[in-house]
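Analysis of the macromolecular model
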Amino acid sequence: MKPLVHLENVSYTFQTPLAETKALDRVSFSVEKGEFIAVVGPSGCGKSTLLNLIQGLYLPSSGTITFHHDTGEHSGCLTGYMLQQDQLLEWRTIYENVILGLEIQHKMTPQNLHAALELLKEYGLYDFKDQKPSSLSGGMRQRAALIRTLVLNPKLLLLDEPFSALDYQTRIRVSNDISSILRSRSSTAILVTHDLSEAISFGDRILIFTPRPGTVKQILCTDFSPSLTPLERRQEKEFKTYFNILWEELNTNAS
Ligand code: ADP
Ligand code: MG
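Notes on the structure follow. (Residues numbered from 1 in each chain as written. Chains lettered and ligands numbered in written order. Predicted model: local features only at pLDDT ≥ 70, side-chain atom pairs only at ≥ 80, totals over all residues. Heavy atoms only, no water.)

1. Thoughts on the packing of helix 6 (residues 138–150) against helix 7 (residues 168–184)
Taken N-terminus to C-terminus, the directions of helix 6 and helix 7 make an angle of 25 degrees; their axes are 10 Å apart at the nearest point. When the axes of helix 6 and helix 7 are compared, the pair comes out roughly parallel. For the pair helix 6 and helix 7, the sense of crossing is right-handed. From helix 6, Gly139, Gln142, Arg143, Leu146 and Leu150 reach across to helix 7, where they touch Thr170, Val174, Asp177, Ile178, Ile181 and Leu182. Considering only residue class, the contact of helix 6 with helix 7 consists of six nonpolar, three polar and two charged. (Axes fitted to C-alpha atoms, helices over the stretch in contact; angles between N-to-C directions. Helix = DSSP H or I, 4+ residues; strand = E, 2+ residues; numbered from the N terminus. Parallel < 35°, antiparallel > 145°, perpendicular 65-115°, else oblique. Left-handed = near helix turned anticlockwise from the far one by under 90°. Contact = heavy atoms within 4.5 Å. Nonpolar A, V, L, I, M, F, W, Y, C, P; charged D, E, K, R; others polar.)

2. Observations concerning the pattern of salt bridges
Under the defined criterion, the tally for this structure stands at 13 salt bridges. Ionic pairing is found between Lys22 and Asp25, a salt bridge with its closest N-O pair at 3.2 Å. Judged by relative accessible area, which is 14%, Asp25 ranks as buried. The partner of Arg171 in a salt bridge is Asp195, with the nearest N and O atoms 3.5 Å apart. (Salt bridge = Lys/Arg side-chain N within 4 Å of Asp/Glu carboxyl O. Buried < 20%, exposed > 50% of the residue type's maximum accessible area, 1.4 Å probe, protein only.)

3. A closer look at the environment of Phe163
Along the chain, Phe163 turns up in the loop between strand 6 (156–160) and helix 7. A sequence separation of 30 residues divides Phe163 from Thr193, and the C-alpha atoms of the two residues are 8.6 Å apart. Other than its neighbours up to four places away in sequence, Phe163 contacts Arg171, Val174, Ser175, Ile178, Leu191 and Glu198.

So this is what it looks like as structure tokens:
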């Protein structure tokens, strides 16, 4: 079976009047349907640029990004984005925030609006649907942001350090929640994180990037039982081994 998306020798250079910055250099990898990929690498190595390229916001300077999907949709419609800031609009209720993408994409069908309400119920936010974002906790807000993304039925979720604004305990809980939601929907996802433990607890494969210009230095496959939650993965003895491998790779980079 073909992968959902394949990157072949993708490079990207930012051009500004004063300088050229090569952010990514010949990046190649595939993402299979249903797979969870984590991306780790030093700050500034091009991780956010990578997601912007996959999302179609930027075009590669060279190389190709190919989606294998039967709908023939543009990559922007196939992907859903979740960022560090939840970007909820304070003047709209949680429900109005959740349907924002549907509104923008002219997809406010009765079925889609019903699906939005069902997701709010399923993920424990139905009772808060008429409240404003400021009355929710950080974790609940991230869940609302996730629902806003899921309701558009993306084939690939791009998560750019979505938990890093949360405090440590909330972060572990919310990342556990969100990965369980995504696993139960057989979603496909790429998570960028600078937290090595988060990468191991989330990823089926972890892409380790070199410093800028970022390129894939190594791919580490994790081998946990599929039934384990991210939190349970943290208790496994392999967890520490993977942590040490990532640590070594990233610190060899640094020297
Ligand atoms: P990361 O997400 O890994 O921290 P980014 O993808 O944001 O890194 O950035 C990669 C490199 O590209 C950095 O050196 C950054 O300064 C540079 N960069 C990012 N965005 C721009 C831009 N709009 N114009 C010029 N350079 C940029
Ligand atoms: Mg970034």
